[in-house]
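So you can see what is in the structure, the chains are spelled out below.
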Amino acid sequence: MHLVIGSGPIGSTIATLLAERGERVRIVTRSGSGPEHQLIERTAADASDARRLTELAQDAEVVYNCANPKYTEWAEKWLPMNNAMIAAAKSAGAVYAITGNLYGYGPQPGGLMTESTPLGATGRKGRIRNRMWQDALDSGVRTIEARASDYLGAGSVGIFSSVLLPAIAKGRTAFGPADMDAPHTFTYTGDMARTLVELARDDRAWGRAWHVPSAPAISIRELAARYCALTGQPQLKVRSMPRFVMRTAGLVVPMAREMAEMDYQFYAPFVLDSSVTERTFGLTATPLEVALRETAASAEATAARTM
């Protein structure tokens, strides 16, 4: 049995992958939501409730951390949630598999990140992610973290879904808080899910962080062009928003402030190297076109439901 905390794109995909392999899954969210399958048990619980998670994890082989608090709530929610999941995994003797990102590295000269890149984050969110990882390692629990860049795929949230898709839908120019021509890595949510599942069951992965196989870096401008070409839509015009705009907005808008803290990812090259994971475990990245088609299908389905 596997305990999956969170039913977003990654948690739901992990639960479905495992269930389709004939393995039992208990998926936990505050509302009790999740994919429907005869081998998936959906349970409502607070991810920061260590006692309840420990009860739910008693027969689990792996505890998957696929939760994602709101950006504005990271400081108050992430560490209690992480500690509760660690406690649950430790009680069950389970592997603790963390859905990670690249925040912990902080800005890097040249923008290239490997698993050997020092965890030099100076921003608040990067320091929180590093504390989570260190707490997991210090706990004695068998743990792994899979780190990915910005997501593409059904239901994913990122600069593509928040900036490009709305502009495409309205036939307007996209103004983004980014250098639209800087190389940037995008990770398919399905690849994150598959990587977590494979690494959690392989003892070679335990005690280390690994980069999720991702398609070659591409500029936001080129990504928009590829998406429009695949979907047969007019080419999108993209414009770079001056960096001071989001920082100024952050003086009064909490979400803008949180985004401005991480803007170094978008105003310079931001490239993930996943070659070590690929060589070690034989995993490969899904072609970019597949991720874009899935993103398009999800966007069309969402638009149809709101009409």
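Here the structure is shown first, and the text comes after it.
Residues numbered from 1 in each chain as written. Predicted model: local features only at pLDDT ≥ 70, side-chain atom pairs only at ≥ 80, totals over all residues. Heavy atoms only, no water.

## Examining empty space enclosed by the protein
Argument step 1. Tallying each qualifying case throughout the model produces two cavities of 30 Å³ or more.
Argument step 2. Taken as a whole, the largest cavity holds about 50 Å³ of empty space.
Argument step 3. Every residue lining the largest cavity is listed: Asn 101, Leu 102, Gly 104, Tyr 105, Leu 119, Arg 129, Asn 130, Trp 133, Glu 145 and Arg 147.
Argument step 4. Counting residues per element, the ones that place at least two in the lining of the largest cavity are helix 4 (124-138) and strand 7 (143-148).
Argument step 5. In terms of residue count, the dominant contributor to the lining of the largest cavity is helix 4 (three residues).
Argument step 6. Of the residues belonging to the lining of the largest cavity, the class tally is four nonpolar, three polar and three charged. (1 Å grid on protein atoms, 1.4 Å probe; cavity = no way out; pocket = protein on both sides within 12 Å on 5 of 7 lines; lining within 4 Å. Points joined across faces, edges and corners; volume = space filled by probe spheres on them. Helix = DSSP H or I, 4+ residues; strand = E, 2+ residues; numbered from the N terminus. Nonpolar A, V, L, I, M, F, W, Y, C, P; charged D, E, K, R; others polar.)

## Topic: the pairing of strand 7
Argument step 1. Burial analysis of strand 7 places six of its six residues in the buried class, which makes it a mostly covered element.
Argument step 2. Neither face of strand 7 is exposed, since Thr 143, Glu 145 and Arg 147 on one face and Ile 144, Ala 146 and Ala 148 on the opposite face are all buried.
Argument step 3. Bridge count between strand 5 (residues 95-101) and strand 7: six bridges; the pairing is parallel. Among the inter-strand pairings, Gly 100 is bridged to a residue of strand 7, identified as Arg 147.
Argument step 4. Note: strand 7 against strand 11 (residues 208-211), four bridges, orientation parallel. Across the sheet, residue Ala 146 finds its bridge partner in strand 11, namely Trp 210. (Buried < 20%, exposed > 50% of the residue type's maximum accessible area, 1.4 Å probe, protein only. Pairing = 2+ DSSP bridges.)

## With respect to the packing of helix 5 (residues 159-170) against helix 7 (residues 220-231)
Argument step 1. Axis separation between helix 5 and helix 7 bottoms out at 12 Å; the angle between their running directions is 55°. Between helix 5 and helix 7, the crossing angle belongs to the class labelled oblique. Handedness of the helix 5/helix 7 crossing: right-handed. Contacts between helix 5 and helix 7 involve Ile 159, Phe 160, Leu 164, Leu 165 and Ile 168 from the first element and Ile 220, Leu 223, Ala 224, Tyr 227 and Cys 228 from the second.
Argument step 2. Residue composition of the contact of helix 5 with helix 7, grouped by class: ten nonpolar, no polar and no charged. (Axes fitted to C-alpha atoms, helices over the stretch in contact; angles between N-to-C directions. Parallel < 35°, antiparallel > 145°, perpendicular 65-115°, else oblique. Left-handed = near helix turned anticlockwise from the far one by under 90°. Contact = heavy atoms within 4.5 Å.)

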